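# Fold and contact review
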Amino acid sequence: MCARALPDGRRIPRFVTSCVIEGERLAVVDTSVAPAAPKILAYIESLGRGPEDLAHVINTHCHFDHIGGNGVLAGWARPRFHAHPLDRPWIEDLGLQERGRPVPGMRKISSGPVKVGGALEEGGEIDLGGGVRVQALHTPGHSPGSLSLFVPGDGALISGDVLPEPGTLPIYEDVPATLASLEKLRAVKGAEVLLSAMSKKVWRGREVGEHIDAGEGYVRRIDRLVRQAQGEKGAGVTPEEAGRFVFAALGLPSEAMIAIVGRTFAAHLAIAPLAEERPAGSRERR
Ligand SMILES: [Zn+2]
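Predicted, not measured: the structure shown is a model, and the values here were computed from it.

## What about the pairing of strand β4 (residues 26–29)?
The alternating pattern of β4 places L26 and V28 and A27 and V29 on opposite faces, both of which are buried. Both strand β3 (residues 19–22) and β4 contribute to a ladder of 4 bridges, which runs antiparallel. Following the sheet pairing, I21 is matched in β4 by A27. Of the strand pairs in this sheet, β4 and strand β5 (residues 54–58) are connected by 4 bridges, and their pairing is parallel.

Okay, here's the thing in structure tokens:
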């Protein structure tokens, strides 16, 4: 859990999830922010394991709040770091990320950087021993190299930040890619548990598909609101103006309309309006 300070000193509580996958060896999925590393270690110890068991760290994507603990974990047992090649440059060079996607205070909660030794792409797999395998799905939209992970033995689908959470800040930079990624998640056979970094809740059974549908519905609702903003303010509406319109309609706090959210609205304005629903026939899953 961390908090982002508003200009008047109030703070918006935020959180990032990390997952530990346990086989003969351990993998940590996303390292959150550097001050959270002791919590990850405490959890590993609660399993009766130690940092020396940590063989792999998988970054679902490059954003600093998912890689902030990389440097701390690198010091524990020299795990191998994995990410999609498209997000690798911003993991290995925090200055590059800071210039390309500035977020105030990002350096304060970052450790590292680290070298990404493993290029994890669509269909890539990591074997943790003991029959535990982690499969990678390339699910871009939130970032170009966003990964989702599936652990078939547990039926666990880890979606990182790709699945927008209704009612929260919408953060993605490519709308069609986001929708295609949600389609890919929906098609994963045997997904019985959904872990999204956008929420602390765990979805199970039928809820998995329902929540993916809800995330897609949120993207489509935002697109409709962006078109309304265009109708009211004219075709030259800026991403920030569209964002303020959408935030007001959704009841989101206007103070949270930060630069990285502006990219979401720029992404909507860059495309033709979405159809109201997915094409017929695309709803079958699992
Ligand atoms: Zn992110």
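## Digging into the environment of L96
Among the secondary structure elements, L96 is positioned in helix α5 (residues 94–100). Here L96 falls in the partly exposed class, since its relative accessible area comes to 32%. Along the sequence, L96 and E22 sit 74 residues apart, while their C-alpha atoms lie 33 Å from each other. With residues up to four places along the chain from it excluded, the contact list for L96 reads P89 and W90.

## What to know about the domain arrangement of the protein chain
Its domain assignment divides the protein chain into domain 1 (2–219) and domain 2 (220–269). Each of domain 1 and domain 2 was reduced to a C-alpha centroid, and the two centroids are 26 Å apart. Each partner contributes residues to the interface: domain 1 has 22 residues there, and domain 2 has 17 residues. Together, the buried faces of domain 1 and domain 2 total about 1700 Å²; carbon and sulfur atoms form 62% of this surface. Broken down residue by residue, the surface that domain 1 buries against domain 2 is led by L169, P170 and Y218, which jointly contribute 27%. At the surface where domain 1 touches domain 2, the tally comes to 2 salt bridges. The salt bridge involving R220 is made with E216; its shortest N-O contact spans 2.9 Å. The interface formed by domain 1 and domain 2 holds 13 residue pairs in polar contact (both at pLDDT 80 or more) in total. Going through the elements one at a time, α6 (175–186) and α7 (206–233) are the ones with two or more residues in the side of domain 1 that touches domain 2. Considering each element in turn, the side of domain 1 that touches domain 2 owes the most residues, 4 residues, to α7. Here the side of domain 1 that touches domain 2 is built from residues that sort into 12 nonpolar, 4 polar and 6 charged.

## Here we look at the sheet that holds strand β12 (residues 193–196)
Spatial ordering of the open sheet is given by β8-β9-β10-β11-β12-β13, a layout of 6 strands whose pairing is mixed. Edge positions in the sheet fall to β8 (125–129) and β13 (202–204), since each of these pairs with one other strand and no more. For this sheet the average axis-to-axis angle between neighbouring strands, irrespective of direction, equals 20°. Judged from the 4 bridges that link them, strand β9 (residues 132–138) and strand β10 (residues 147–151) form a sheet pairing that is antiparallel. Within β10, the residue paired with A136 across the bridge is L149. Together, β12 and β13 form the strand contacts of α7, whose direction differs from that of β13 by roughly 120°.

What counts, and at which threshold
Residues numbered from 1 in each chain as written. Predicted model: local features only at pLDDT ≥ 70, side-chain atom pairs only at ≥ 80, totals over all residues. Heavy atoms only, no water. Buried < 20%, exposed > 50% of the residue type's maximum accessible area, 1.4 Å probe, protein only. Helix = DSSP H or I, 4+ residues; strand = E, 2+ residues; numbered from the N terminus. Pairing = 2+ DSSP bridges. Contact = heavy atoms within 4.5 Å. Domains from an automatic or database assignment. Buried area = accessible area lost by both parts, 1.4 Å probe. Salt bridge = Lys/Arg side-chain N within 4 Å of Asp/Glu carboxyl O. Polar contact = N/O pair within 3.5 Å; in protein donor to acceptor, adjacent residues only side chain to side chain. Nonpolar A, V, L, I, M, F, W, Y, C, P; charged D, E, K, R; others polar. Axes fitted to C-alpha atoms, helices over the stretch in contact; angles between N-to-C directions.

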